[in-house]
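# Reading the structure
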Amino acid sequence: MEFKDRKATNPGRVILEDVQTKSRTTYDITFADNPTEQGTPLNKQTMDALKEDVLNEVQAKFDATFVLSGSTLTIKL
């Protein structure tokens, strides 16, 4: 599995549609929630690290070597 970052030409932009009239209006969203902590970003780097961590944990439980290449998992006993 390969993770990719989403690339938008207009980040934060949404279109809202009135369900009754079907009229559509475009808005730009800016978060104004004053976070006290940003948290973990959901991006390619984070997901790749998670994939490696899971693979390493599984590998540690078995007497084998696990090699992940793209979407192919090879187990060497």
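Anything mentioned here points back to the structure above.
First, a word on what this report is: a plain description of the structure on this page. (Residues numbered from 1 in each chain as written. Predicted model: local features only at pLDDT ≥ 70, side-chain atom pairs only at ≥ 80, totals over all residues. Heavy atoms only, no water.)

Trans peptide bonds make up the majority, and among non-glycine residues the majority have a negative phi. With phi around 65 degrees, K22 is a residue other than glycine that occupies positive phi space. Taking relative accessible area as the criterion, K22 reaches 52% and is therefore assigned exposed. Of note in this structure, N34 is not a glycine but carries a positive phi near 45 degrees. Topologically, N34 is positioned in the loop between β2 (24-28) and α1 (44-61). (Buried < 20%, exposed > 50% of the residue type's maximum accessible area, 1.4 Å probe, protein only. Helix = DSSP H or I, 4+ residues; strand = E, 2+ residues; numbered from the N terminus.)

Here strand β3 (residues 65-69) pairs with strand β4 (residues 72-76) via five bridges, running antiparallel. Each residue of the ladder has a partner; that of L68, found in β4, is L73. Remark: two residues form the turn of the hairpin made by β3 and β4, two consecutive strands paired antiparallel; G70 in that turn has positive phi of roughly 65 degrees. (Pairing = 2+ DSSP bridges.)

Residues L50, V54, V58 and F62 make up a contiguous nonpolar surface patch of about 360 Å² in total accessible area. In this fold, V54 is placed in helix α1. (Patch = residues over 30% accessible without salt bridge, like charges linked within 9 Å, V, L, I, M, F, W, Y side chains within 5 Å. Areas by Shrake-Rupley, 256 points an atom, 1.4 Å probe, with all protein chains shown as cover. Salt bridge = Lys/Arg side-chain N within 4 Å of Asp/Glu carboxyl O.)

One can find R13 in strand β1 (residues 13-17). Of the residues examined, R13 reaches a relative accessible area of 40% and is grouped as partly exposed. For the pair R13 and E52, spaced 39 residues apart in the sequence, the C-alpha separation amounts to 33 Å. In this structure, R13 is in contact with T26, Y27 and D28, ignoring residues within four places of it in sequence. Side chain to side chain, R13 and D28 meet in a polar contact 2.6 Å long. (Contact = heavy atoms within 4.5 Å. Polar contact = N/O pair within 3.5 Å; in protein donor to acceptor, adjacent residues only side chain to side chain.)

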